[in-house]
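Observations on chain architecture
So you can see what is in the structure, the chains are spelled out below.
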Amino acid sequence: MTGADFQALLPLVALAGGATAVMLQIAFLRNVALTTAMCLLTLAVAAGSCLAAAQVAPLQVTPLTRADPLALVFCVLFCAAAAATALLSRDYMASHGDEPEEYFLLLLLSTLGACVLAYATHVAALVLGLELMSVSLYALVAYPHKSILPLEAATKYLVLSGAASATTLFGFALLYAATGTLEFTALGEQLGRATMGPAVLLVAAAMVFAGLAFKLSVVPFHLWTPDVYDGAPAPVTGFLATVSKAAVFVALLRLFLDADLFRYRILVEITGLLAIFSMLAGNLLALLQTNIKRILAYSSIAHIGYLLVVFMVCINAGNRGLAVEAAVYYLIAYTATTIAAFGLLTMINAGHSDRERVQLQHVSGLLWRQPLLAGLLLVALLSLAGIPLTAGFIAKFYIVSAAVSGGHWVLLAALVLGSAIGVYYYLRVVYYMTRRPEEHNMERQTVGGWGIHAIACLLIGVILLLGIAPQPLMAYLESIL
Amino acid sequence: MSLVVLILLLLVGGLVAWQAERLDTNLPRWVALASVGAALLYLITIVARLPAEHFSLVPEAQDGTTWLLHLKLAWIPRFGIALELAMDGLSLLLLALTLLLGLVAVAASWSEIDFKPGLFQANLLWTLAGVCGVFLALDLFLFFLFWEVMLIPMYLLIAIWGHENRAYAAMKFFIFTQASGLLMLLAIVVLAWQGLAQNGSLSFSYFDLLGLPLDGRLAWWTMLGFFLAFTVKLPAFPFHTWLPDAHTQAPTAGSVLLAGILLKTGAYGLLRFCIPLFPEASLHLAPAAMALGLAGIVYGALLAFAQSDFKRLVAYSSVSHMGFVLLGLYAWNSLALQGAVMQMVAHGVSTAALFMLAGALQQRLHTRDMARMGGLWHQAPRMGACAMFFAVASLGLPGLGNFVAEILVLLGLFAVQPWLAAIAALGLITAAIYALWMVQQAFQGTPDEQRRMEDFGVREMAAMAAMMLALLWLGLYPQPVLDLAQPVLDSLQGLSGSGL
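Residues numbered from 1 in each chain as written. Chains lettered and ligands numbered in written order. Predicted model: local features only at pLDDT ≥ 70, side-chain atom pairs only at ≥ 80, totals over all residues.

1. Observations regarding the overall build of chain B
Across its full length, chain B carries 20 helices and two strands. If you line up chain B on its principal axes, its C-alpha atoms span 75 × 60 × 45 Å. By the burial criterion, 62% of the 500 residues in chain B qualify as buried. Contacts in chain B between residues far apart in sequence, at least 24 positions, make up 79% of those at least 6 positions apart. (Helix = DSSP H or I, 4+ residues; strand = E, 2+ residues; numbered from the N terminus. Buried ≥ 20, exposed ≤ 12 C-beta atoms within 10 Å, placed from the backbone. Contact = placed C-beta atoms within 7 Å.)

2. Section: the overall build of chain A
Across its full length, chain A carries 19 helices and two strands. Taken against the 2.2 N^0.38 rule, which gives 23 Å for 481 residues, the C-alpha radius of gyration of chain A at 21 Å falls within 12% of a compact globule. Reported as C-alpha extents along the three principal axes, the dimensions of chain A are approximately 70 × 55 × 40 Å. Residues classed as buried in chain A amount to 59% of the 481 residues present. Sequence separation of 24 or more characterises 79% of the internal contacts of chain A that already satisfy a separation of 6 or more. (Rg over C-alpha atoms; globule rule 2.2 N^0.38 Å.)

3. Concerning the pairing of strand β1 (residues 69-76) of chain B
Residues and elements named next belong to chain B. Alignment of β1 against strand β2 (residues 81-87), held across seven bridges, turns out to be antiparallel. Across the sheet, H70 pairs through a bridge with A86, a residue of β2. A loop of four residues connects β1 with β2, the two strands running antiparallel in sequence, and G80 in this loop sits at a positive phi of about 65 degrees. (Pairing = 2+ DSSP bridges.)

4. Considerations on the domain arrangement of chain B
Residue and element names in this part refer to chain B. Taken domain by domain, chain B comprises domain 1 (1-51 + 62-277) and domain 2 (278-500). Here the C-alpha centroids of domain 1 and domain 2 sit 21 Å apart. The partner domain 2 presents 45 residues to the 43 residues of domain 1 that form the contact. Broken down by secondary-structure element, the contributors of at least two residues to the side of domain 1 that touches domain 2 are α3 (89-108), α9 (216-233), α10 (242-249) and α11 (252-277). It is α11 that contributes the most residues to the side of domain 1 that touches domain 2, 15 residues altogether. Class assignment of the residues belonging to the side of domain 1 that touches domain 2 gives a composition of 31 nonpolar, nine polar and three charged. (Domains from an automatic or database assignment. Nonpolar A, V, L, I, M, F, W, Y, C, P; charged D, E, K, R; others polar.)

5. As for the interface of chain B and chain A
If you look at the interface, chain B gives 24 residues, while chain A gives 22 residues. The greatest single-element share of the side of chain B that touches chain A, amounting to 13 residues, is contributed by helix α7 (residues 166-199) of chain B. Class assignment of the residues belonging to the side of chain B that touches chain A gives a composition of 21 nonpolar, one polar and two charged.

6. Digging into the confidence of the model for chain B
Mean pLDDT over chain B: 90, with 99% of residues reaching 70 or higher. This prediction of the complex comes with two scores: 0.94 for pTM and 0.92 for ipTM. (pLDDT = per-residue confidence, 0-100.)

7. Regarding the packing of helix α14 (residues 334-365) of chain B against helix α20 (residues 479-495) of chain B
Residues and elements named next belong to chain B. Across the interface, α14 lies against α20 with an axial gap of 10 Å and an inter-helix angle of 125 degrees. Judged by the angle between their axes, α14 and α20 are oblique. Judged by the twist between their axes, the crossing of α14 over α20 is right-handed. Of α20, the residues touching α14 (which contributes S334, L337, Q338, V341, M342 and V345) are V481, L482, A485 and L489. Classifying every residue of the contact of α14 with α20 by side-chain character gives eight nonpolar, two polar and no charged. (Axes fitted to C-alpha atoms, helices over the stretch in contact; angles between N-to-C directions. Parallel < 35°, antiparallel > 145°, perpendicular 65-115°, else oblique. Left-handed = near helix turned anticlockwise from the far one by under 90°.)

8. Looking at helix α12 (residues 292-313) of chain A
The first and last C-alpha atoms of α12(A) sit 33 Å apart over 22 residues, in line with the 32 Å expected at 1.5 Å per residue. The element α12(A) is largely enclosed, with a buried count of 22 among its 22 residues. (Expected span 1.5 Å × (residues − 1).)

9. Quick word on the environment of E164(B)
Counting through the fold element by element, E164(B) comes out in the loop between α6 (151-161) and α7. For the pair formed by E164(B) and A288(B), sequence separation is 124 residues and the distance between their alpha carbons is 37 Å.

10. Comments concerning the nonpolar core
Judged by nonpolar contacts, the single largest core of 409 residues is most densely connected at L117(A) and V309(A). Each of domain 1 (1-51 + 62-277) and domain 2 (278-500) of chain B accounts for three or more of the residues forming this core. For L117(A), the residues in contact, after removing those within four places along its chain, are L126(A), G129(A), L130(A), M133(A), A247(A), V248(A), V250(A) and A251(A). (Core = buried A, V, L, I, M, F, W, Y, C linked by C-beta atoms within 7 Å.)

11. Brief notes about the packing of helix α4 (residues 101-119) of chain A against helix α5 (residues 123-141) of chain A
All names here are of chain A. Across the interface, α4 lies against α5 with an axial gap of 7 Å and an inter-helix angle of 155 degrees. Comparing the axis directions of α4 and α5 gives the class roughly antiparallel. Considering the relative orientation of α4 and α5, their crossing is left-handed. Contacts between α4 and α5 involve Y103, L106, L107, L109, S110, L112, G113, A114, V116, L117 and Y119 on the former and, on the latter, A125, L126, L128, G129, L130, L132, M133, S136, L137, A139 and L140.

12. Some points on unusual backbone geometry
Here the residue pair V219(A) and P220(A) is connected by a cis peptide bond, since its omega of 10 degrees sits within 30 degrees of zero. On the secondary structure map, P220(A) appears in the loop between α8 (198-216) and α9 (225-231). For the bond from F237(B) to P238(B), the omega torsion is 0 degrees, close enough to zero to count as cis. Looking at the secondary structure, you find P238(B) in the loop between α9 and α10. Residues other than glycine seldom take positive phi values, yet D260(A) does so here, at roughly 45 degrees. Among the secondary structure elements, D260(A) is positioned in the loop between α10 (234-258) and α11 (265-286). With 17 C-beta atoms counted inside 10 Å, the residue D260(A) sits in the partly exposed group.

13. Description of helix α2 (residues 27-49) of chain B
Residues and elements named next belong to chain B. The terminal C-alpha atoms of α2 lie 32 Å apart, and with 23 residues this matches the ideal 33 Å at 1.5 Å per residue to within 8%. Residues P28, R29, V31, A32, S35, V36, A39 and L43 constitute the buried set of α2. On its buried side, α2 packs onto α1 (2-20), α3 and α4 (117-136).

Next up, the structure:
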C-alpha cells in the first residue's frame, strides 16, 4: 500500500484507532467524561481526515474499498450523526448507574461499520461493515439492561437482523458460485456470462435484496421496526434510524451502480413496487399509533419508501446523476431531522423509569411548559412532513424533481398520497403539544442540561439552513457526483 | 428591495409581538397594530413614489421590467430558482386588501384573545406575511413556498385559539390544502422540466414558463394540478367541505383572515397562474369550471339558508359568493374578469365584517346559535345596524361593492353563456333570502329580557365604519379599482391569445 492509499483510508484508520484507544482507556481508568471526550475527539478527527482523503479521491484502495467523494460525504455525515448521538446520550448515561463507558465504544464501532459500508466496493467489505455496525447496534439497543423494554427490543432485533444477515450472506454465496467473483464491478460483468442458469441468480438476488431490505425496513420486511424503535433508548433509536439505514442504502446504491444492475429492469421495478408499499403502508400504519416513537418508526418506513424512488429514476442513465444527488441530499436532510426528533424525545421523559415509552399525552401542552423544546420539535416534525423552509421540503422537492425527470407517475402518485396522509399524524403530535394547560394534567418535568439544548438548537439550525439556503450543499453534491 | 421590506416588516413584527408578551399582555396587540399599520403606510409611500402613468401601462409577459415593481435575486441557481417578487395593479389591490383586513383582524382579536396574546398576534402577522408573499411571488417555487408557509400559522390560530371542535377543523383545513398543494408542487415541477426540455435551461420563473408549448394531455393534467390546489382554497363545490368547519371553529380574527384574504389567494392563483399558463387546457375546462361555480352558488346558498349557526351561515354564503368569482374567471372576458376582481375585494370586506360581528356576538352571548339570539336590535342597536348593512351588502344591494361585482360577472357571463348567467342570477335571490333570514333570526323578534349585553364600542365601530366606507366607495365609485386592474387583465387576456 502506498501513502496515498493510507491517506484515502484515513477516516477508517482514525475511527479504528480511536476505538482501540477508548478500549484501552476503559481497561485502565473508568471515567465517563474522559471516554465521551475521546469518543468526540475520534469522531472529529475522522471527519476532519475526510478532507485529507478528499485530496486523493477518487482512489480504489485494494479491491475491497474505494475512497470517492460519495463515500467521504457519508463518512462525514456518519461521524457528525454519531457525535450528536453521543452528546444527546450523555444525560441518558448519567442516570444509568454502572459502566456507561462501553456505550461510547460501541457507538464508535458502529460508526466504523457504517463508514466501511460507505467505502465498500466488494461483497466482503459490505458484509464486514454490515456486521460490525449491526452487532454493535444490538448491544447499544439493550444498553439500559435493567429495563425490560430495551432488552425485548434488542432480542427481537438480534434474532431478526441475524437472520437477515444470514440470508444476505447466502445470497452472496450463490452469486459467487454463479459468477466466481465478489467485486461489484466484476460481478456485474460476469452476471451476463453466468452459466448456472437464471434460477440461481434469481434466488441469489432475492436473498441479497431481502436481507438488505430488512435492514432498511422496507415493507414487507418492516415488522421489527416499531418494536425496536419503541424499546431502544431514544438516542440509539435516532442513530439506528439514520446512520444504519443511510449506510445500507449507500452500499446498496453502490452495488447497483457499480454492477450496473439497473439494466435488469424487473429487479428495479420490484424496488419501485416496494417503494410504493413502504410509502403507503408506513404512512397508513402510523395513523394508528399513539406512541410517538412508533409514529416515527412508521414514518421512517415511509421515508425509506420515498428514498427508494430514486432506484427507478436510475433506470435512465441520463437521470442517474440527479437521482443519486437527490438520494444523498435526502439522506442528509433525513439524518439531521430524525436525530433531532429523537434527541428531543430523550428530554421529554427524562428521569422516569419508563422513559423509553413516549406517548402522545406526554407531549400534551409542551408548547406552554417547554416552549423551546416544543418549538424545536415542531420544526423537526414539519421537516419530516416536508413543509417548506425546512430541509425535509427541499429533500422531497429533489425526489419529486428526479421522479418527474424520469416520468414515473405511479411512484409520484404514491408519494403525494403518502405525504398527504403523513401530514395527519405529524400534525397530531403538534396538536397535542399546543393543547392548553386546562386540557391536560401533565406534571412531568422535562429536564436536560444546556448542553443537550445547545445540540438540539444546532440540529434545528442545520435543518432550517438546509431548507432556506440549500444552494451550497446542492452545488457541492452536483460537483462531486 | 421594497417588496422584501414589506414582508419582513410583518415577519419581524410577529417576532417582536411574540416576545413583547413577556413585558405586558397588552403590548403584543399594539405591536401587531403598529406593524400592520407600518406595512400599510410603507406600501402607500412606495406606491405614491411611482409615476402615475405606470399604472395605466399594460405589463408585459416577457419580463418584469414593465411591472410596477420587480425584484429578482438568485436563490437556488442549481434548479434555476430565484427570489422573484413583482407587483402589478392586481397584486397592489390584493395587498391593500390584505393589510386593511389585517388591521381589522387585530382589532377583532383585541379583547377576545386572553390566552397567550403574544403568540396569537405573531401567528396573525406571519399569516399576513405569507399571504403578501403569495400575492407577490412570481417564481413558482417561491409561490409554492409562501402558499404552504401561510398555512402553518393559520393552522396554529385555529388549533390553539379556536372553538370547541378546533382540532378537527384545523386538521381538515390543513390536510385539504396540503394535499392539493402537493399536486400543485408536482405540476410546478413538471412544468419546469418541460421548460428545461424546450428552453434548454431550468427555470421556475413565471415569465420563462408562460407561453410554453405543451403537449395536450400533459398540459391538461398539469393544469389540473394547479386548478385543484386553487379551487380547494377558493373553495369551489365540491371541495368546500373544509371551509364551514374551519371558519366556524376559528377565532374571530382567524375567520376574518380566512374569509377575507386566504380564499382570495385561490382566486388569485387561478387568474395569475392557472389560466395564463395553460390557456388551451383551461378552454377545455371552462364549461366544467363554470358548472362548478354555478353549483357552488346554488348549493352554498341553499346550505346557508339551512344553518342555525351564525358563523356557519356566513361560511356557506362565502361558498356561494366565491362561485361568482369562478364563473367570472372562466367566462374570461373583460367585464367578467373585472367582476371577479371586484368580487374578491368586496366579498373580502363584507364577509370579514360579518365574521367580526359573529365573533362579537359569540363573545357576548357565548353561543353562535341564532335560535338563542333574537331581538338583539333592541339591546345592541349599533350591532344591529352594522349587521343589517353588511347583510344587504352581501345580498348585493345596488350602491354597495358586491352589487357591482356580481352584476359585472353576470353581464360578462351573459355574453358567453346566457343560460348559465340566468341560473347564476338566482344566486342574487337566494342570497337575499338567507341574508335577511339571518338578520331576522338574530336581531329581530322579542328580546330575552334576562339578557344584558354590551353594544359595539369605539374600537369595533371604527373597524366597522372603515369597512362600510370601503363598500360604499366600491359600490358608488368603483372606477379607480377597475382602472387599476384593467391593464393587468388586458395583459393576462393577451396571453391566452383569442381568449377562452
